[in-house]
Amino acid sequence: MSYAPDWVLHAVCSTIATRFVEGNLPIEAFANKMSKSLLKTYADCKPEKLYGISEAMLFFLAELEEEETLPYCSGFLYNSICFEKSGRPRKMRGLFFDPLASARELTKSQTVVTSFKAFVFRMRNDVSLAQPKAWRLDEIAEIKSLTDILNTPVTFADAL
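Quick caveat, the model's predicted, so the values are computed rather than measured. (Residues numbered from 1 in each chain as written. Predicted model: local features only at pLDDT ≥ 70, side-chain atom pairs only at ≥ 80, totals over all residues. Heavy atoms only, no water.)

The next thing to look at is the packing of helix α1 (residues 6–22) against helix α2 (residues 27–38). Following both chains from N to C, one finds α1 and α2 inclined at 145°, their axes separated by 9 Å at the closest point. Of the two elements, α1 crosses α2, and the hand of that crossing is right-handed. Within the contact between the two elements, α1 uses V12, T15, I16, R19 and F20 and α2 uses I27, F30, A31, M34 and L38. For the contact of α1 with α2, a count of residues per class yields eight nonpolar, one polar and one charged. (Axes fitted to C-alpha atoms, helices over the stretch in contact; angles between N-to-C directions. Helix = DSSP H or I, 4+ residues; strand = E, 2+ residues; numbered from the N terminus. Left-handed = near helix turned anticlockwise from the far one by under 90°. Contact = heavy atoms within 4.5 Å. Nonpolar A, V, L, I, M, F, W, Y, C, P; charged D, E, K, R; others polar.)

As for its placement among the helices and strands, T15 is situated in helix α1. A polar contact of 2.7 Å, which involves the side chain of T15, links it to the backbone oxygen of A11. Here T15 is in contact with M34, L77 and L150, once residues within four sequence places are set aside. (Polar contact = N/O pair within 3.5 Å; in protein donor to acceptor, adjacent residues only side chain to side chain.)

Turning our attention to helix α5 (residues 109–125). Compared with an ideal rise of 1.5 Å per residue, which puts 17 residues at 24 Å, α5 spans 25 Å between its outermost C-alpha atoms and is within 8% of the ideal. Where α5 is concerned, the buried positions are V112, V113, F116, F119, V120 and M123. Seen from one end, α5 has its buried residues packed into an arc of 120°, which puts them on one side. Looking at the buried side of α5, the elements it contacts are α1, α3 (47–63) and α4 (70–82). (Expected span 1.5 Å × (residues − 1). Buried < 20%, exposed > 50% of the residue type's maximum accessible area, 1.4 Å probe, protein only. Arc of directions from axis to C-beta.)

Scanning all chains against the criterion turns up seven salt bridges. When the shortest N-O distance is used, the salt bridge between E66 and R124 registers 3.2 Å. Placement of the pair is E66 in the loop between α3 and α4 and R124 in helix α5, with a sequence separation of 58 residues. Between R93 and E142 there is a salt bridge, with its nearest N and O atoms 2.4 Å apart. Here R93 is found in the loop between α4 and α5, whereas its partner E142 is found in the loop between α5 and α6 (144–150), with 49 residues between them in sequence. Classification of E142 by relative accessible area gives partly exposed; the value is 24%. (Salt bridge = Lys/Arg side-chain N within 4 Å of Asp/Glu carboxyl O.)

Okay, here's the thing in structure tokens:
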């Protein structure tokens, strides 16, 4: 079975949370719309999973009484895409390498939420983890298909 790599789930869920906070649509609309495209490649990207993770991330920030949620979500997106768990820059190019290749193991929802919580505490102590102002997701050509999914237009009808 083909599963989404953990960093892809991090990127998708942080984008869903960000777009929900910035927009005026239900969080389910973003999860449903992105899930439709992601399910073509990754069997575990069901809307319920994406919605649940994104909602848990926002609830965690609410529990901390954090007023500014966007810097944490965008910082998590940036760090998930650009860096490995070890902190080394993520490899995006290679002769026979696809950064969006399916993972062999399922990433559990709680694992993504736990990674986000750890990131929030690290970023509270180290503001250099924030997304640089000049950084843009669409500048990374190797993940254009993922970028297209994250930037796809969403309507209220997608929530149904």
